[in-house]
Amino acid sequence: MNITLNVWRQPGPKAPGKMVAYELMGVEDHMSFLEMLDVLNEELFARGEEPVAFDSDCREGICGMCGLVINGIAHGPEVTTTCQLHMRSFKDGDTITIEPWRSTAFPIIKDLVVDRRALDRIIQAGGYISVNTGAAPDAHAVPVPKPDADRAFEAAACIGCGACVAACPNASAMLFTAAKITHLGMLPQGQPERLGRVVDMLNQHDAEGFGGCQNIGECAAVCPKEIPLDVISQLNADLSRSWRRGH
Ligand code: SF4
Ligand code: FES
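Please read all numbers here as calculations on a predicted model, not as lab measurements.

**Q** Quick question: what am I supposed to make of the packing of helix 5 (residues 174–185) against helix 8 (residues 231–244) here?
**A** Axes are the key here: two packed helices are described by the angle between their axes and the distance separating the axes. Following both chains from N to C, one finds helix 5 and helix 8 inclined at 70°, their axes separated by 8 Å at the closest point. For the element pair helix 5 / helix 8, the angle class is roughly perpendicular. Judged by the sense of rotation from one axis to the other, the crossing of helix 5 with helix 8 is left-handed. The residues of helix 8 that touch helix 5, namely those facing Met174, Leu175, Thr177, Ala178, Ala179, Ile181 and Thr182, are Val231, Ile232, Gln234, Leu235 and Asp238.

**Q** Looking at this model, I keep getting lost on the site of ligand 1. Mind explaining?
**A** Cys158, Ile159, Gly160, Cys161, Gly162, Ala163, Cys164, Leu175, Phe176, Cys223, Pro224 and Ile227 make up every residue found near ligand 1. When residues of the shell around ligand 1 are traced back to their parent elements, those giving at least two are helix 4 (163–167) and helix 5. Split into classes, the residues belonging to the shell around ligand 1 amount to 10 nonpolar, two polar and no charged.

**Q** I would appreciate a short explanation of the side chain of Glu193 in the present structure.
**A** By the secondary structure assignment, Glu193 is in the loop between helix 5 and helix 6 (194–207). In this view, Glu193 contacts Tyr128, Ile129 and Ser130; residues no more than four positions away in its chain are not counted.

**Q** Can you help me understand helix 2 (residues 117–126) in this one?
**A** Owing to its 3.6 residues per turn, the α-helix brings residues three or four apart onto one side. Of all the residues in helix 2, the buried ones are Ala118, Leu119, Ile122, Ala125 and Gly126. Along the long axis of helix 2, the arc covered by the buried residues comes to 115°, so they all point the same way. Close packing links the buried residues of helix 2 with helix 5 and helix 6.

What counts, and where the lines are drawn
- Residues numbered from 1 in each chain as written.
- Chains lettered and ligands numbered in written order.
- Predicted model: local features only at pLDDT ≥ 70, side-chain atom pairs only at ≥ 80, totals over all residues.
- Heavy atoms only, no water.
- Axes fitted to C-alpha atoms, helices over the stretch in contact; angles between N-to-C directions.
- Helix = DSSP H or I, 4+ residues; strand = E, 2+ residues; numbered from the N terminus.
- Parallel < 35°, antiparallel > 145°, perpendicular 65-115°, else oblique.
- Left-handed = near helix turned anticlockwise from the far one by under 90°.
- Contact = heavy atoms within 4.5 Å.
- Near = heavy atom within 4 Å.
- Nonpolar A, V, L, I, M, F, W, Y, C, P; charged D, E, K, R; others polar.
- Buried < 20%, exposed > 50% of the residue type's maximum accessible area, 1.4 Å probe, protein only.
- Arc of directions from axis to C-beta.

Next up, the structure:
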């Protein structure tokens, strides 16, 4: 198929950016979206033009590195990661608009690449547990009820891609933060720091410039790991308890 790409080009963090149109011929249905961009870059390179900068690593939907706003939707028209989106989701003659995640907390580095280290700093603020060193405990020494283990596992599926931020009108990272708080808060190992964790992570969330949550739900609608919106309820419940306990 033949397509037109409108791509955000920005040479550096402070430089002005603009949309640039490229015609691309012979795109195959089975190509992933990133493979299609690889083909564009080969053509640009052959013409002596600057290739389009974009992030990727595993290209298997695991690492969370890839993230593009495609036709106005974080990760594009399928609920999956950009690397797992395939060109069969588009048709011959389509015009596809490609932009970076847009958020104050995710400054643009170049073209489609943004700095997502704000999410790492939220994790550093409280996304950890204290453990005793020494021999590994017996597998059954710390029983975890099956529903709690399932809930923790569901939340732990978050890959930190930042699509929730890109989709939110407030650029809030609440779904991400709540996923981490739920993941650790459901397990016995996560209890010692539980009430301090929620305060520390939320303070860092706000300090990074992410917006507040208004329960709009765009985050959960685009999340490639289908993190449910109700993890935010769990975060709010932990926050209320922490306030009552004077954290
Ligand atoms: S909650 Fe979903 S959309 Fe947000 S960072 Fe995690 S995996 Fe990505
Ligand atoms: S490149 Fe790893 S999730 Fe897309």
